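Okay, here's what each chain looks like letter by letter:
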Amino acid sequence: MLYTTFDQMQYFKVKNHLLAESIPHRSKIDGGSRDLNRRTAAGGRPNPIYELYVRKEDEHRALQGIR
């Protein structure tokens, strides 16, 4: 795992950096539509978790641009 955030704007900022540098990555967003609807209906705040993953060998290059 390279990066985790609750902020969608930060997620896209890091994701755009990875795309611009052609660094292969995967995304995982926990708290999809069904979970968000359930939390909102129960009066909770809808906070999805955004995670970005890169291969171990790409980690150093990926971290250089997000620090």
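A. Molecular detail of the overall build of the protein. Looking only at helices and strands, one finds 3 helices and 3 strands in the protein. Listed by position from the N terminus, the elements making up the protein come as β-α-β-α-β-α. When the 67 residues of the protein are sorted by exposure, 25% land in the buried category. The contacts of the protein with a sequence gap of at least 6 include a subset with a gap of at least 24, amounting to 67%. A total accessible area of about 4900 Å² is found for the protein, and carbon and sulfur atoms account for 50% of it.

B. Here's a closer look at the side chain of Lys15. Within the fold, Lys15 resides in helix H1 (residues 8–20). Among the polar contacts listed, one links the side chain of Lys15 to the side chain of Ser27, at a separation of 3.3 Å. In this structure Lys15 touches His25, Ser27 and Leu52, once residues within four positions along its chain are discounted.

C. Inspection of H1 at higher detail. The terminal C-alpha atoms of H1, which comprises 13 residues, lie 18 Å apart, in line with the 18 Å expected from a rise of 1.5 Å per residue. Among all positions of H1, only Tyr11, Val14, Lys15, His17 and Leu18 are buried. The arc enclosing the buried residues of H1, seen along the axis, measures out at 155°, which places them on a common side. In H1, the exposed residues that point more than 90 degrees away from the buried face are Met9, Lys13 and Ala20. Packed against the buried residues of H1 are strand S1 (3–5), strand S2 (25–30), strand S3 (49–54) and helix H3 (59–66). Looking at where H1 begins, the residue whose side-chain oxygen comes 2.9 Å from the main-chain nitrogen of Met9 is Asp7.

D. View of the environment of Phe6. Inspection of the secondary structure puts Phe6 in the loop between S1 and H1. Overall, the relative accessible area of 54% leaves Phe6 in the exposed class. Separated by 24 residues in the primary sequence, Phe6 and Asp30 have C-alpha atoms spaced 9.9 Å apart. Once residues within four sequence positions are removed from consideration, Phe6 is found in contact with Asn47, Pro48, Ile49 and Tyr50.

The rules behind these values
Residues numbered from 1 in each chain as written. Predicted model: local features only at pLDDT ≥ 70, side-chain atom pairs only at ≥ 80, totals over all residues. Heavy atoms only, no water. Helix = DSSP H or I, 4+ residues; strand = E, 2+ residues; numbered from the N terminus. Buried < 20%, exposed > 50% of the residue type's maximum accessible area, 1.4 Å probe, protein only. Contact = heavy atoms within 4.5 Å. Areas by Shrake-Rupley, 256 points an atom, 1.4 Å probe, with all protein chains shown as cover. Polar contact = N/O pair within 3.5 Å; in protein donor to acceptor, adjacent residues only side chain to side chain. Expected span 1.5 Å × (residues − 1). Arc of directions from axis to C-beta.

These figures capture arrangement, not role.
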